[in-house]
Amino acid sequence: MDLAVLVISLAKIAVVLTVLFTCVAYVVWVERKVAGRIQSRWGPHRTGPFGLLQPLADFLKALFKEDFTPAQVQRPIYFLAPFLAMTLALMSIAVIPFGENITIAGRTIFFEITDLNIGLLYIFAVTSLGVYGIALAGWSSGSKYSLMGGLRSSAQMISYELGLGFAVVGVLILSGTLSLRGIVSAQSGFWFGVIPKWNIWPQFVGFLVYLTAAFAETNRTPFDLPEAEGELVGGFHTEYSSLKFAMFFTAEYTNMITVACLATLLFFGGWMAPLPWAWVQHVPALVLLGIAALMTRTALRTYRLERKKWYFAVPALAGIVGLIGLAFLHPVFAAVAAPMFWFASKVFVFLFLYIWVRWSVPRFRYDQLMHLGWKVLLPVAAANILITGLVVAL
Amino acid sequence: MDKVLFLIFAGIALGAAVNLLRSRHPIHSALSLIGVMGALAVLYLLLGAEFIAAVQVIVYAGAIMVLFVFTIMLLNVGAEVPTSGSMLARYLGIPLLALFLLQLVRLLLGQYPPDQASSFGTFVGPTEKIGRLLFTQYLLPFEVTSVLILVAVMGAVVLARRKP
Amino acid sequence: MTVPISWYLILSAVLFVMGVAGFLFKRNIITIFMSIELMLNAVNLSFVAFSYVLRQLSGQVFVFFVMVVAAAEAAVGLAIIIVVFRNRDSLNVDDIELMKW
């Protein structure tokens, strides 16, 4: 355990946490903007250009709000629950690989905090423990809405954990390893030179089961009965205010990001590019330059309408994005950053899917939810394992 | 390094076990037991049993203890009230248990003197080998335990059903 | 630095005796159940330690089976506790004494 390894690990942890917190904040922004557009309204657009400072405003509000502890709570557990939820949500990012490796000064640095032999089981372990954050929050609040919300949410989470586990076994049969980097490496290569060997093709049913179970695990619509405002006031986080509520919120979005990352790693080839041809290596640069151009155009048009001076921030951001796009022309940078670009774009597609589904479909009733988890997903996933095992053995 | 990790997590396990015995409210005991299981999972990792460590957290701490916590929440169990029962059992029992423990420790130290040491990484239990063992050498116990779980699930459902 | 294997076994013994103490001296039936789980965990630690000493994986496979049996036992036991609570409305073992002589 020499010093260099320690320093590198700490640096990786710092970078990953910073990026993660920024992502969580801006996933909230994306969600509110997309939700607004789906509902034919703008979404946040006053705090900062295009509402980009809205997450900061929310955080400051949460920070300065009165932190009220009701009288009937069980204090030690009431304080423990949000910490538990957030800590466990953050722990699961530790084994997610973001890209290939980079060699600096003769030392190969892998783009993940750690690569465990049992990486996938570790994520399941942390997810299993995440049930406690919600169950204890619901129980310790001492109010009947919280208790019902907590119980229902925990029952939902443990029911769909089984479905999640079963859905992934098919992938494990095909990959032969529990290490996440190993699973992604098993998906490299192309069939007929064109179709990437991603697990989505042989494991399509498994993917659908995984996606449904993932929606239910993270308590997102259509499975968000435990925290629905109309049904259960706030569900398990009714009695939590300001910073503790912000912790639950962060935990939920971090879980969402983890599940989206897992979906790309297990089914969509992680950081591998989708097509093998030579011109594909220019796609990251083109996409980033396109985004930069779009941002500049939108900013200029909106400035002409609203004449707000601080809209110059958006072209500045667009400039940074454009510079990163141009940096992709340099081969060393491209070799290191292109896998991260593909990974990030696939995760973004999944997060968008999450948000899109949330604002488009109504929520399940509780008994429908349990019926789906036990009587539909479990048999389908078991059949998937059976068929996959048969096909692999024969 | 191994020693430091062992001491920290053995300390956590012992502290949580003491807390289990000393708490009045069952929910605190349940949380302490989860702490014990987590600490034991790390000790399994130190002994190279990576699959068992993960299964310990997923199954034991993440499912069985959830069952306990659910029951405590459902039955709305309150703190234990101290009753005026006989303390004779306690006064006799604790010294006897301490004696038993001393005997065990003496036996163990005799059988396994401190020079038989373990170090991290010399023996690893990879998941693949355990899977192979489960499906070849231990196939019968595996199938029997799956029937056992089925019976347990049916039993739990039948027992806890409310009569209409 | 290495850890003597006897330390693991002694820790297992201590946890086991604590489980026995909880089983004998506590009055809430759920806490008694949890002491049983503590005993099972202590035994699991012994199994894994011996699996290390003898360099065989059978110890770890047996831990797997112990966990499965513990899960089945916890499920049925808690169902029984719920039924008893519904009928006697108390979780104190001293109150469940209808069949005592």
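J.: Please explain the overall build of chain A as it appears in this structure.
T.: Along chain A, the regular secondary structure elements total 13 helices and 4 strands. Relative to its length of 394 residues, chain A is compact, with a C-alpha radius of gyration of 22 Å against a globular reference of 21 Å. For chain A, buried positions account for 48% of its 394 residues. Pairs at least 24 apart in sequence give 78% of the contacts found in chain A among residues at least 6 apart. For chain A, the accessible surface area stands at approximately 18,900 Å², while carbon and sulfur atoms represent 73% of it. Mean positive and mean negative side-chain charge positions of chain A (27 and 18 charges, respectively) differ by 11 Å.

J.: Which parts of the structure should I look at to understand the overall build of chain C?
T.: When its secondary structure is counted, chain C shows 3 helices and 1 strand. Tracing chain C from N to C terminus, the helices and strands come up as β-α-α-α. If you line up chain C on its principal axes, its C-alpha atoms span 55 × 25 × 25 Å. Counting every position in chain C, which comprises 101 residues, the buried fraction comes to 61%. Counting every atom, chain C has about 4,100 Å² of accessible surface; 69% of that belongs to carbon and sulfur. Across chain C, the 6 positively charged side chains and the 6 negatively charged ones have centroids separated by 6 Å.

J.: Explain a nonpolar patch on the surface here, please?
T.: A surface patch of nonpolar side chains, about 750 Å² in accessible area, is lined by Tyr26, Leu53, Leu56, Phe59, Leu60, Leu63, Phe64 and Leu243 of chain A. Among the structural elements, Tyr26 of chain A can be located in helix α1 (residues 3–38).

J.: Looking at this structure, how should I read the interface of chain C and chain B?
T.: One frequently used descriptor of interface size is the decrease in accessible area upon assembly of the parts. Each partner contributes to the interface: chain C provides 68 residues, whereas chain B provides 79 residues. Here chain C and chain B share an interface that buries about 7,200 Å² over both sides, 79% of which is from carbon and sulfur atoms. Counting the surface chain C buries against chain B, the share from its top three residues, Phe25, Met34 and Tyr52 of chain C, is 10%. The interface formed by chain C and chain B contains 0 salt bridges. If you look at where chain C meets chain B, you find 6 residue pairs in polar contact (both at pLDDT 80 or more). Taken together, the elements giving at least two residues each to the side of chain C that touches chain B come down to β1 (3–4), α1 (5–25), α2 (29–54) and α3 (58–88) of chain C. Ranked by residues supplied to the side of chain C that touches chain B, first place goes to α3 of chain C with 23 residues. Split into classes, the residues belonging to the side of chain C that touches chain B amount to 50 nonpolar, 13 polar and 5 charged. Pairing of strand β1 (residues 117–118) of chain B with β1 of chain C, which is carried by 2 bridges, proceeds in the antiparallel orientation. Each residue of the ladder has a partner; that of Ala117 of chain B, found in β1 of chain C, is Pro4 of chain C.

J.: What should I look at first to understand the packing of aromatic side chains in this one?
T.: The description of an aromatic ring pair rests on the distance of the ring centres and on the angle between the ring planes. In the structure shown here, the tally under the stated rule is 25 aromatic pairs over all chains. Their ring planes at 40° and their centres at 5.9 Å tell us that Phe6 of chain B and Trp7 of chain C sit as a pair that is tilted. Taken together, the residues Phe6 of chain B in helix α1 (residues 2–22) and Trp7 of chain C in helix α1 connect one chain to another. For Phe6 of chain B, a relative accessible area of 4% translates into the label buried. Put simply, the rings of Trp198, Phe207, Tyr210, Phe267, Phe268 and Phe350 of chain A pair up and form one aromatic cluster. Residue placement shows Arg152 of chain A over the ring face of Tyr366 of chain A; its charged tip is 5.0 Å from the ring centre. Positioned above the aromatic ring of Tyr52 of chain C, the side-chain terminus of Arg55 of chain C is 4.7 Å from the ring centre.

Cut-offs applied
Residues numbered from 1 in each chain as written. Chains lettered and ligands numbered in written order. Predicted model: local features only at pLDDT ≥ 70, side-chain atom pairs only at ≥ 80, totals over all residues. Heavy atoms only, no water. Helix = DSSP H or I, 4+ residues; strand = E, 2+ residues; numbered from the N terminus. Rg over C-alpha atoms; globule rule 2.2 N^0.38 Å. Buried < 20%, exposed > 50% of the residue type's maximum accessible area, 1.4 Å probe, protein only. Contact = heavy atoms within 4.5 Å. Areas by Shrake-Rupley, 256 points an atom, 1.4 Å probe, with all protein chains shown as cover. Lys, Arg positive; Asp, Glu negative; His and termini not counted. Charge placed at Lys NZ, Arg CZ, Asp CG, Glu CD. Patch = residues over 30% accessible without salt bridge, like charges linked within 9 Å, V, L, I, M, F, W, Y side chains within 5 Å. Salt bridge = Lys/Arg side-chain N within 4 Å of Asp/Glu carboxyl O. Buried area = accessible area lost by both parts, 1.4 Å probe. Polar contact = N/O pair within 3.5 Å; in protein donor to acceptor, adjacent residues only side chain to side chain. Nonpolar A, V, L, I, M, F, W, Y, C, P; charged D, E, K, R; others polar. Pairing = 2+ DSSP bridges. Phe/Tyr/Trp six-rings, centres within 6.5 Å; stacked < 30°, edge-to-face > 60°. Lys NZ or Arg CZ within 6 Å of the ring centre and 35° of its normal.

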